[in-house]
Amino acid sequence: MEAIGHNHSFETALADLVDNSIDAEASHVLIRFVRDSGRLRSLYVVDNGQGITPDRINDAMTVGGRRAYAAADLGWFGLGLKAASFSQARQLTLLSQAKDSPAVGRRWSLDNARTRFLCDIVPGYFAASELGQDRGLPGTGSGTIVRWDEVGGFPATDKPEQVEQFISRKISVIADHLGLVFHRILENGRVTIEIDVQDARFDTTSRVRVDPINPFDYHRTGATGFPKDLVATAGDHSLTFRCHVWPPRSTARQFKLGGRPADHQGMYFYRRDRLLQPGGWEGVHVEHPKLQLARVEVEIDSDVEALLRMNPEKSRVQVRPEFGQACASARAEDGTTFDDYFAVAERVYQEGNKRRRVRKPMIRPGRGFTPGLRDTIESEIEALESDPVDLRWRDFDNDQLFDIDRGEQTIWLNKRYRKMLLGDRHAGLNDLPLIKTMLYLLMEDVFQGEYLGPRDKDNIELWKSVLTTAVRAERR
Ligand SMILES: Nc1ncnc2c1ncn2[C@@H]1O[C@H](COP(=O)(O)OP(=O)(O)O)[C@@H](O)[C@H]1O
Ligand SMILES: [Mg+2]
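Now for a look at the structure at hand.

Calculation rules
- Residues numbered from 1 in each chain as written.
- Chains lettered and ligands numbered in written order.
- Predicted model: local features only at pLDDT ≥ 70, side-chain atom pairs only at ≥ 80, totals over all residues.
- Heavy atoms only, no water.
- Salt bridge = Lys/Arg side-chain N within 4 Å of Asp/Glu carboxyl O.
- Helix = DSSP H or I, 4+ residues; strand = E, 2+ residues; numbered from the N terminus.
- Buried < 20%, exposed > 50% of the residue type's maximum accessible area, 1.4 Å probe, protein only.
- Pairing = 2+ DSSP bridges.
- Contact = heavy atoms within 4.5 Å.
- Axes fitted to C-alpha atoms, helices over the stretch in contact; angles between N-to-C directions.
- Near = heavy atom within 4 Å.
- Polar contact = N/O pair within 3.5 Å; in protein donor to acceptor, adjacent residues only side chain to side chain.
- Areas by Shrake-Rupley, 256 points an atom, 1.4 Å probe, with all protein chains shown as cover.
- Phe/Tyr/Trp six-rings, centres within 6.5 Å; stacked < 30°, edge-to-face > 60°.
- Lys NZ or Arg CZ within 6 Å of the ring centre and 35° of its normal.

### Some words on the pattern of salt bridges
Opposite charge on two side chains permits them to pair, given that their charged atoms come into close proximity. Under the counting rule described, the total for this entry stands at 26 salt bridges. A salt bridge links Glu-130 to Arg-147; the nearest nitrogen and oxygen atoms lie 3.6 Å apart. Of this pair, Glu-130 sits in helix 5 (residues 124-132) while Arg-147 sits in strand 6 (residues 143-151), placing them 17 residues apart in sequence. Taking the relative accessible area as the measure of exposure, Arg-147 reaches 18% and is therefore buried. Each of Arg-32, Glu-194, Asp-196 and Arg-207 takes part in salt bridges that share partners, so that together they form one network.

Okay, here's the thing in structure tokens:
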């Protein structure tokens, strides 16, 4: 019991519990830190999935209690719940209710397990009252709570700053990890994952929703012709490597993944839409900064045991010796090999660096632009260390299309043209990206420097006059 789950971190352990909730077809999962008298006491993972019937709950608590798995199930070893829990906590409580069944509960503490290897039965009324609490999950008549107590990683203090700092850091680490691991499942709306803190002293807490973080979500490819599928065969099996090249110098969250760009190159293995491993070349190449734009998507749904298998924590893939040979012989339809792919990724990276260095730095775009547009601009051009330029709408008392406000670092747009330009689209902070981007590209440099020179002033007058005529013509 003490030996299992040693490769887990807090967030990979939680991912294993979320796997179970997803297998149980939960639409909502809530991860809740419970704080009492200042101290963090326990952690709950609550779902509204199918729950566990009284005749199955002992199997669920059994180490290696495997069941029949459906084709799409994330579970496999019959270990996850126990391994994940005891890697982080000394006590595990499982409370569950299946539809039209009584609530049931089991509790296992490591200290008991050592002497008797038996778990305790939690009274049904206690399980029912815990499960009956309203935690804001859509009701389904069934659900499960996994509760951890005596969590090793929780701070042993009630000092508010320390506890709060710990919680906020943990929440962001958890959201980053779960957002990445489950990004496909979150994107297609199968599940919603939220994180909150319950404090005995307050009744309301704000919830953090886990957003998907798709490590392949760039706005345009870094190299034409990519992504490209390279297919490797080994005996009867084949494995497809979808090779991507990110655009250089991206600052997007899904590129940086909370680290340095070079840290996340390599293979991304997915099993049943769940990401097992974010990056690493598995011996096909060595990690190197010049390959930072290379990311490869690999599905291991089919039977590929001959080439690789996953570790019980489902956090890594272990490749077999045959894997390297298979990669060496992998080809795309047009004949591209892994070596060709590496050469392209390296060239794009180096040219991106060169090109960026000769471009004149610009002030970053701020409010008014969609985040994707900001990412693209920031990946193309070095940003100056000054406040960003915003593009916003306001009422004008004249017909001019725009005005420049250097004090506010803002290009103001005249609201009287907004409806007309939008047509039947909705107004919003980031509306009309094309017009805004063109204005930004045209005018960004008048925001640079201490004063407006006579030439800048004259340009602004020129643009105002010409563009205002243009927008009037468009309205007519
Ligand atoms: N949140 C949950 N909802 C419903 N059933 C669960 C849940 N968590 C665990 N179980 C049950 O407990 C069993 C054991 O879980 P686990 O130890 O993670 O192994 P595995 O997922 O590989 O089967 C699962 O197969 C499932 O039947
Ligand atoms: Mg499991």
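### Quick word on the sheet that holds strand 3 (residues 89-97)
Taking strand neighbours across the sheet as the criterion, the eight strands line up as 5-4-3-6-2-1-7-8 in an open arrangement whose pairing is mixed. Pairing within the sheet leaves two strands with one partner each, and these edge strands are strand 5 (120-122) and strand 8 (208-209). Note that strand 1 (residues 28-36) and strand 2 (residues 39-47) share eight bridges and pair antiparallel. Looking across to strand 2, one finds that Val-34 is bridged to Ser-42. With respect to the sheet, helix 1 (residues 10-23) is in contact with strand 1, strand 2, strand 6 and strand 7 (192-199), its orientation differing from that of strand 6 by roughly 160°. Sheet strands in contact with helix 6 (residues 160-181) are strand 1, strand 2, strand 7 and strand 8, and its direction is about 165° off that of strand 1.

### Brief notes about the environment of Arg-272
One can find Arg-272 in the loop between strand 11 (266-271) and strand 12 (274-278). Separated by 116 residues in sequence, Arg-272 and Pro-388 have C-alpha atoms that sit 42 Å apart. Excluding residues within four positions of it along the chain, Arg-272 makes contact with Ala-70, Ala-71, Ala-72, Asp-73, Leu-74, Ile-185 and Asp-301.

### Some words on the site of ligand 1
With respect to spatial proximity, 18 residues lie near ligand 1, and among them Asp-47, Arg-67, Tyr-69, Gly-78 and Lys-82 are the closest. Between an oxygen atom of ligand 1 and a main-chain N or O atom of Leu-79, the distance comes to 3.5 Å. Within the contact set of ligand 1, an oxygen atom lies 3.3 Å away from a backbone nitrogen or oxygen of Gly-80. Here ligand 1 loses 93% of its free accessible area of 530 Å² to cover by the protein chains.

### Looking at the packing of aromatic side chains
Summed over all chains, the structure comprises 18 aromatic pairs. Taken together, a centroid distance of 6.2 Å and an interplanar angle of 80° make the contact between Phe-86 and Trp-108 edge-to-face. Taken together, the positions of Phe-86 in helix 3 (residues 80-88) and Trp-108 in strand 4 (residues 104-109) put the pair 22 residues apart, joining distant regions of the chain. Take Phe-86: its relative accessible area is 8%, and that puts it in the buried class. The exposure class assigned to Trp-108 is buried, which follows from its relative accessible area of 4%. With a centroid separation of 5.3 Å and 75° between ring planes, the pair formed by Tyr-218 and Trp-246 is classed as edge-to-face. Taken together, the positions of Tyr-218 in the loop between strand 8 and strand 9 (228-234) and Trp-246 in the loop between strand 10 (237-245) and helix 8 (253-256) put the pair 28 residues apart, joining distant regions of the chain. Pair check on accessibility: Tyr-218 and Trp-246 agree, each one buried. An aromatic cluster of at least three residues, connected via ring pairs, comprises Phe-226, Phe-241, Phe-269, Trp-281, Phe-323, Phe-338, Tyr-341 and Phe-342. Lys-228 extends its terminal NZ or CZ atom over the ring of Phe-226, reaching a point 4.8 Å from the ring centre.

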